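# Reading the structure
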Amino acid sequence: QVQLVESGGGLVQAGGSLRLSCAVSGRTFIRYVMAWFRQAPGKEREFVAAIRSGSITYGADSVKGRFTISRDNTKNTVYLQMNNLKPEDTAVYYCAGAATAQITGLGKTSRDYDDWGQGTQVTVSS
């Protein structure tokens with residue numbers, strides 16, 4: 001059974017930083033496209049960033065220059081480094097994964113992904 005477990009969320013003041021982690025088990029990680037999405041109450045789930053096994057990345061315009069996605073294939077873990085956080089970043093952040101062969105585009109749509117974590121809350125105070 002594939003399992004994705006997020007950690008690292010919390011409460012931070014505007015301008016602060018957090019690093020989220022997502023540990024993956026139950027599948028071949030090097031063939032796995034990983035992504036972060038977020039969802040605030042009353043809003044649709046929003047793409048944040050994605051990374052392929054070769055470290056090719058794509059990020060949403062709203063976080064570009066502030067957030068960085070990376071992966072450690074030796075630890076089967078993907079990270080989201082979030083700097084200069086803003087109140088509008090407040091949301092539940094979800095880790096997602098899919099086999100590389102399933103995604104031929106940018107991997108920025110939630111329906112591209114088969115596997116999801118339970119989410120971790122990020123709250124940014126103003």
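Preceding this paragraph is the structure being described.
Notes on the structure in this doc start here. (Residues numbered from 1 in each chain as written. Predicted model: local features only at pLDDT ≥ 70, side-chain atom pairs only at ≥ 80, totals over all residues. Heavy atoms only, no water.)

Before going further, it helps to spend a moment on the state of the cysteines. Using the criterion set out here, one finds one disulfide in the structure. One disulfide in the model links C22 with C95; its S-S distance is 2.1 Å. Between C22 and C95, the disulfide has an S-S torsion of -85 degrees and is therefore left-handed. In this pair, C22 sits in strand β3 (residues 18-25) while C95 sits in strand β9 (residues 91-99), placing the two residues 73 residues apart along the sequence. For C22, a relative accessible area of 0% gives the class buried. Residue classification places C95 among the buried positions, given a relative accessible area of 0%. (Disulfide = S-S within 2.5 Å. Helix = DSSP H or I, 4+ residues; strand = E, 2+ residues; numbered from the N terminus. Buried < 20%, exposed > 50% of the residue type's maximum accessible area, 1.4 Å probe, protein only.)

Even without being a glycine, N76 presents a positive backbone phi close to 55 degrees. In this fold, N76 is placed in the loop between β7 (67-72) and β8 (77-82). Classification of N76 as partly exposed rests on a relative accessible area of 26%.

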